[in-house]
Each structure stands twice: as structure tokens, then as C-alpha cells.
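A structural walkthrough
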Amino acid sequence: MNKLEIHGLSKVFQSQMGPVTALENIHFDVKEGEFISIVGTSGCGKSTLLNIISGLESHTTGEILLDQIPVQGPGSDRAVVFQSDATFPWLTVYENIEYGLKVKKIDPKQRKQIVEELLSLLELDKFSSAYPKELSGGMRKRIDIGRAYAVQPEILLMDEPFGALDIVTREMMQDELLRIWSERKKTVIFITHDLEEAMYLSDRIILLSPRPGRIKEVIPIDFPRPRSGQLRESQEFYQLRNQLRHIMGQ
Amino acid sequence: MKKMNIKIFSFLSVLILIGIWLLLTLSGWVKPLFLPGPKELYEVITTSYKDVFMHMGYTLIRQLGGFVIGSLAGIIVGLLIASNRYIEAFMDPIIEILRPIPPLAIIPLLILWLGIGALPQMLLVVFGCFVIVIVSTVEAVRNVPRIYINAARTLGANSFSVYRTIVLPAIIPSLVGAIRVAAGASFGLVVAAEFMGAQEGIGYYMIIAQRYLRTDMILLSIIIISALAWLTDQAIRILERRLTRWSERHS
Ligand SMILES: Nc1ncnc2c1ncn2[C@@H]1O[C@H](COP(=O)(O)OP(=O)(O)OP(=O)(O)O)[C@@H](O)[C@H]1O
Ligand SMILES: [Mg+2]
């Protein structure tokens, strides 16, 4: 069964210099529990696509079906982890993760249980009463992920969540994300411009071509799971990366 | 250690100021008529402290009343404006007209309309604080980072929740800043209003003292009102630190 279906989606922005077609004829399905990455060069419309799926941005043509129902406006069934820092600085780590549950008026006992489980899953329990400014960028990203997981979305949308992190922290966060994802299967759409990141994480990669953003290629990634750091250094990984880079460059 | 050193410099500047005052007055270079020395100051404290405190009391009630009403009104109207495009479009010209008016310039009008008394004086403070706070409130709401609002919406918050759980906490640092400015301004405004027309209050007391060439009384009034303004500012700073422990400014 398809979790998400996108049919004939396009997006035209009205800018001062006239209309800009950011996305054209986007068409793909995402299966329940699938980890899908969308890869493309800067400005090819990745964030636009994600914002449309999340409901923060309107679209020009086409439709987006979540469990066969057209999506309308933002909602916690499609939680987002943004590229830039989006932790609420006036809330503690605990309160940040609790935020969506409170908004949804989940009862306090259940709330406590969900938050505490996530805190320990993300290894943030020691910092539960700290404010985000006291934490590193990587830890803040984990809060964002925990906050999104807490509302138990149907689908998790991630827009270059690790783009601002250094390479070591980024790879650590990728492993972390895979660990959480394997424990709590969630449908994920992950945006990145880093091919290796997409290969390491995903079941499938959708390559976008720029101006206007179109689907160039859909590539299944069959590396067995669970995946670990060794995969990054393997011959197959290296070959696939070169192959994809070649396609992207065309 | 470094912090200590810097504190010493601030302390030193106060000492030097007091030193200059003592030197000028004790040496007789400046007559007590123009600048009273420590002896005159001590005398006036012992003889007129009751009067001064009574007048200060009147002033404080007006200042505090005007400051609280003006700031609260500024916050409430500011939040209303920022919550709705139509209210904003309606109120924007009114604020743009009020904003550049120097508050002191409306004193003659207030006296003409309402005579001399507590009401016009308090209204002046209300006006001054209102304009300061409303402008900052609207600005602060506009500056709430979009990403927090978007994040909240994708976590299930409706517009009302966004306003309550994102906008309100996010603007608190700017609001407290504006309230601090308003509190500072309110002391100046209330005294100015009392200069122009009053039958009690520290400003009135100072005008009378000036008429009788009682520089010592004027100096004492200045010291007391400054001390009060300073204390108020300190109190708001403590409140600010409490309320904005999370903000980047205090790390
Ligand atoms: N609000 C807007 N108005 C006009 N044009 C826009 C707007 N938002 C995005 N665009 C244009 O749409 C295109 C796609 O932008 P988008 O932000 O989706 O790219 P991206 O793939 O996410 O890039 P990056 O990797 O740099 O984040 C760009 O050419 C951009 O200039
Ligand atoms: Mg982007």
C-alpha cells in the first residue's frame, strides 16, 4: 500500500521577474515504512517539494494523497525536521519534545511516557531540563528529531537536517537516525544534496534535475540493513556513488 | 578576576564624581546657592525629608499608574494589531501619527483640556509609555522567526496555539526591553508634567524650591528621583533575567 502518492505536481512562483517554475510534473509514490531520499543540486526545488508535502506551501497543479486522502495545510501527520535550527529556545529539551503532544492535548501521563522514552532513545535524558542554547548543534538536531517523532506522524519529512553539521557529527547522526528508524519504522522523506548520505540511509533515491525541478531518475538502494560505517568504505558503495554522480552531472 | 577589575573602574568613576563635588563645595569655589555641599545636603535632609517624601509619594502614584496603564495598553493593543491584518491596517496610520509626537509637546493640550491635577499628569505618562511599548510589541511580533511558527504548525498547532505557545514567549525579551525603556521615560515625563502644572508632587516641590532659591531642596529631589528610577530599572532587570534565562543574550 502506498503511504504517499504525488501526481502531476507542479509549482510556479510569482516573483518580481515573472513566474518561476520551481517544480514540474513530479510524480512518485512512497510505500509504508519506506525511507526515501530526494537529491538534487542547490535550487532545484527540494525544499519547495518538501514544503508542499508538509502543507506549508501551496502547489500549482497536481495532488498529494496521504493514505489516499488529499493533504490540506500543515498537520502533525507530516512532522518536519528543518535544515536550520528550529528548536524552541524558550522551552527546555523536555518541553520541546513534549510540545506537539501538549498541543494535541494528550493526557499528561501518556505524554510523560512518550517523552521519556524518546529522551532515552536519543540519549538526551541527562539534558532534559537544559535549554537549547546550552547544547551543541548536533544535540539540537536530535531534539528536532525527537519532537517530530513524539507526535507519531504518518510520515516524517526531513529537509537537509544534517546539512549544518561537520562530517563526523553528520555521520554519527546518520547512524543515530537509522537506529531510531529501525526501532520505530516510520515512512521518511529525506532531503539532501549529499549523495553518500542519501545512499547510506535510503531504500530509494529520487534524483531531481534543476530549473525546473523534474524527476530525473529513481534509484533503488539495495544495501542490506542494518547498515554500518563499513558500508561507506565498501567497493559497491563507491561504485554506486560514482554512477550516481555521473547521472547527476548529465 | 577580570570582571572584578572592570567593576573597580566603575566604582572609581563614582568616587571621582563625589570627589569633585566635595572639592568644589568644601573649598568654597562654588557657592552653596549654586551647588550645596555635604553640610547643606545633610541639613536639608533632616529638615525637609517629610515634605520631600510626601511629594515623592504623589509623584510615584502618578508615575506608577501611568506606566502600568500605558504599558499594559501598549502590549494589549500591540498584540491585537499583530494578530489580525485588518486591525493592523486600521491601526497603522494612527500609530504612525502618534509615534513622532514628543510626549512633552502635548502637555499644554492636556492642561487646556483637563486643567492641572493628577489626571493630565498621569495621562501624559500613559501616552509616553503606550507609544514606546506598542511600537516595540508590533515590531517584536513581526520579528518572530518564521521557522518557529512553521515548526509549530507541522506539529499540529492551530493559529491560536501558535499565538499562545510561540509568538507570546518569543517576544518576551523584546517586551521586557521596551518596558524598561518605558519605565525610564515615565519618571522624566511625570516630573515634567508636574513642572508645568501641579499642586503637589516632586516636580511641584522643585519649582517652589527654585522660586525660593533652595538649591539644596532641588538637589535632594534630584537624588531621590534618580535613586527611584535606578531601583525600578534594577527591579526590571532582575525580572528580565528571570523571564529570559533561555535567550542567547544571557549566556
Ligand atoms: N517564495 C519564492 N518565490 C520565488 N521563487 C522561489 C521562492 N521559493 C523558492 N523559489 C525558487 O524556487 C527554486 C527552488 O528553491 P528551493 O528552495 O526549493 O531549492 P532547494 O533545492 O531546496 O535548494 P537548496 O539545496 O539550496 O536548499 C529556486 O530557484 C528558488 O529561487
Ligand atoms: Mg532547501
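Cut-offs used in this document
- Residues numbered from 1 in each chain as written.
- Chains lettered and ligands numbered in written order.
- Predicted model: local features only at pLDDT ≥ 70, side-chain atom pairs only at ≥ 80, totals over all residues.
- Heavy atoms only, no water.
- UniProt positions renumbered as here; feature names shortened; annotations may be inferred.
- Domains from an automatic or database assignment.
- Contact = heavy atoms within 4.5 Å.
- Buried area = accessible area lost by both parts, 1.4 Å probe.
- Salt bridge = Lys/Arg side-chain N within 4 Å of Asp/Glu carboxyl O.
- Polar contact = N/O pair within 3.5 Å; in protein donor to acceptor, adjacent residues only side chain to side chain.
- Helix = DSSP H or I, 4+ residues; strand = E, 2+ residues; numbered from the N terminus.
- Near = heavy atom within 4 Å.
- Areas by Shrake-Rupley, 256 points an atom, 1.4 Å probe, with all protein chains shown as cover.
- Nonpolar A, V, L, I, M, F, W, Y, C, P; charged D, E, K, R; others polar.
- Buried < 20%, exposed > 50% of the residue type's maximum accessible area, 1.4 Å probe, protein only.
- Axes fitted to C-alpha atoms, helices over the stretch in contact; angles between N-to-C directions.
- Parallel < 35°, antiparallel > 145°, perpendicular 65-115°, else oblique.
- Left-handed = near helix turned anticlockwise from the far one by under 90°.
- Core = buried A, V, L, I, M, F, W, Y, C linked by side-chain atoms within 4.5 Å.
- Pairing = 2+ DSSP bridges.
- Phe/Tyr/Trp six-rings, centres within 6.5 Å; stacked < 30°, edge-to-face > 60°.
- Lys NZ or Arg CZ within 6 Å of the ring centre and 35° of its normal.

Going by an unreviewed UniProt entry, chain B carries the name Taurine transport system permease protein and comes from Seinonella peptonophila. The Subcellular location (unreviewed entry) comment attached to chain B in UniProt states, word for word, "Cell membrane".

Naming follows an unreviewed UniProt entry, where chain A appears as NitT/TauT family transport system ATP-binding protein of Seinonella peptonophila.

Residue and element names in this part refer to chain A. Partitioning chain A into domains gives domain 1 (1–77 + 157–249) and domain 2 (81–152). Placing the centre of domain 1 and that of domain 2 at their C-alpha centroids yields a distance of 24 Å. The interface is formed by 18 residues belonging to domain 1 together with 17 residues belonging to domain 2. A combined buried area of about 1,700 Å² lies between domain 1 and domain 2, and 60% of that area is made up of carbon and sulfur atoms. Of all residues in domain 1, Ser-76, Ile-180 and Arg-184 bury the most surface against domain 2, accounting for 30% of the area lost on that side. Counting the contacts that link domain 1 with domain 2 gives three salt bridges. Taking the shortest distance from any N to any O, the salt bridge between Glu-117 and Arg-184 comes out at 3.1 Å. Joining domain 1 to domain 2, the criterion identifies six residue pairs in polar contact (both at pLDDT 80 or more). For the side of domain 1 that touches domain 2, the secondary-structure elements that each account for two or more residues are strand S7 (155–159) and helix H5 (167–183). Residue contributions to the side of domain 1 that touches domain 2 peak at seven residues, all from H5.

With that settled, the discussion passes to the site of ligand 1. Residue and element names in this part refer to chain A. All residues adjacent to ligand 1 are Phe-13, Ala-22, Thr-41, Ser-42, Gly-43, Cys-44, Gly-45, Lys-46, Ser-47, Thr-48 and Glu-160. At a separation of 2.7 Å, an oxygen atom of ligand 1 approaches a polar side-chain atom of Lys-46. In the model, an oxygen atom of ligand 1 is placed 3.2 Å from a nitrogen or oxygen of the Glu-160 side chain. Contact with the protein chains hides 63% of the accessible area of ligand 1, taken as 640 Å² for the molecule alone. When residues of the shell around ligand 1 are assigned to their parent elements, the largest contribution, three residues, is made by helix H1 (residues 46–54). Residues belonging to the shell around ligand 1 are distributed by class as follows: three nonpolar, six polar and two charged.

Residues and elements named next belong to chain B. Relative to the elements of secondary structure, Ala-151 occurs in helix H6 (residues 146–154). On the basis of relative accessible area, Ala-151 is assigned to the buried category, the value being 1%. Separated by 60 residues in sequence, Ala-151 and Arg-211 place their C-alpha atoms 64 Å apart.

Take the packing of helix H2 (residues 38–83) of chain B against helix H9 (residues 215–243) of chain B next. The description of two helices packed together rests on the angle between their axes and the distance between the axes. All names here are of chain B. Two elements in contact, H2 and H9, have axes whose closest approach is 8 Å; the angle formed by their N-to-C orientations is 45°. By the angle between their directions, the pair H2 and H9 is classed as oblique. By crossing handedness, the relation of H2 to H9 is classed as right-handed. Here Glu-40, Leu-41, Val-44, Ile-45, Ser-48, Val-52, Met-56, Leu-60 and Phe-67 of H2 come into contact with H9, specifically with Asp-216, Met-217, Leu-219, Leu-220, Ile-223, Ile-224, Ile-225, Leu-228 and Ile-236.

Moving on, we come to the environment of Phe-82 of chain A. Assignment of secondary structure puts Phe-82 of chain A in the loop between strand S6 (78–81) and helix H2 (93–103). With relative accessibility at 8%, the residue Phe-82 of chain A sits in the buried group. The spatial distance from the C-alpha of Phe-82 of chain A to the C-alpha of Ser-47 of chain A is 9.5 Å, given a sequence separation of 35 residues. When near neighbours in sequence (up to four residues on either side) are disregarded, Phe-82 of chain A contacts Leu-56, Lys-141, Asp-159 and Pro-161 of chain A together with Ile-147, Asn-150, Ala-151 and Thr-154 of chain B.

By size, the foremost hydrophobic cluster in this structure holds 140 residues, and its most contacted members are Ile-97 and Ile-189 of chain A together with Ile-166 of chain B. At 15 residues, the largest contribution of residues to this core is made by helix H7 (residues 159–196) of chain B. When residues no more than four places from it in sequence are discounted, the contact partners of Ile-189 of chain A are Leu-4, Val-30, Ile-36, Ile-38, Leu-50, Ile-53, Ile-155, Leu-156, Leu-157 and Met-158 of chain A.

Looking now at the domain arrangement of chain B. Residue and element names in this part refer to chain B. When its domains are assigned, chain B resolves into domain 1 (1–30) and domain 2 (33–250). Just the C-alpha atoms count here: the centres of domain 1 and domain 2 sit 30 Å apart. Domain 1 puts five residues into the contact, and the matching count from domain 2 is six residues. Together, the buried faces of domain 1 and domain 2 total about 450 Å²; carbon and sulfur atoms form 86% of this surface. Where domain 1 touches domain 2, the interface holds zero salt bridges. Linking domain 1 to domain 2 there are one residue pair in polar contact (both at pLDDT 80 or more).

All right, on to the pairing of strand S3 (residues 35–39) of chain A then. Residues and elements named next belong to chain A. Counting buried positions over the five residues of S3 gives five, a clear majority of the element. Relative to strand S8 (residues 187–192), S3 runs parallel, the two being bridged by five bridges. Its bridge partner being in S8, Ser-37 is matched across the sheet by Phe-190. The sheet contact formed by S3 and strand S9 (residues 204–209) spans four bridges and is parallel. When the bridges of S9 are listed, Ile-36 appears paired with Arg-204.

Bringing the packing of aromatic side chains into the picture now. Applying the stated criterion across every chain, the model contains nine aromatic pairs over all chains. Ring geometry for Phe-35 of chain A and Phe-190 of chain A: centres 5.8 Å apart, planes at 40°, overall tilted. Placement of the pair is Phe-35 of chain A in strand S3 and Phe-190 of chain A in strand S8, with a sequence separation of 155 residues. Between Trp-90 of chain A and Tyr-148 of chain B, the ring centres sit 5.5 Å apart and the planes meet at 85°, which makes this aromatic pair edge-to-face. Of this pair, Trp-90 of chain A sits in the loop between S6 and H2 while Tyr-148 of chain B sits in helix H6, placing the two residues on different chains. Exposure remark for Trp-90 of chain A: the relative accessible area of 8% places this residue in the buried category. Tyr-148 of chain B sits in the buried class, given a relative accessible area of 14%. One aromatic cluster is present, built from ring pairs that chain together Phe-88, Trp-90 and Tyr-99 of chain A together with Tyr-148 and Trp-246 of chain B. Over the ring of Tyr-200 of chain A we find Arg-232 of chain A; its NZ or CZ atom is 3.8 Å from the centre of that ring. Stacked on the ring of Tyr-86 of chain B, the Lys or Arg Arg-85 of chain B has its end atom at 5.7 Å from the ring centre.

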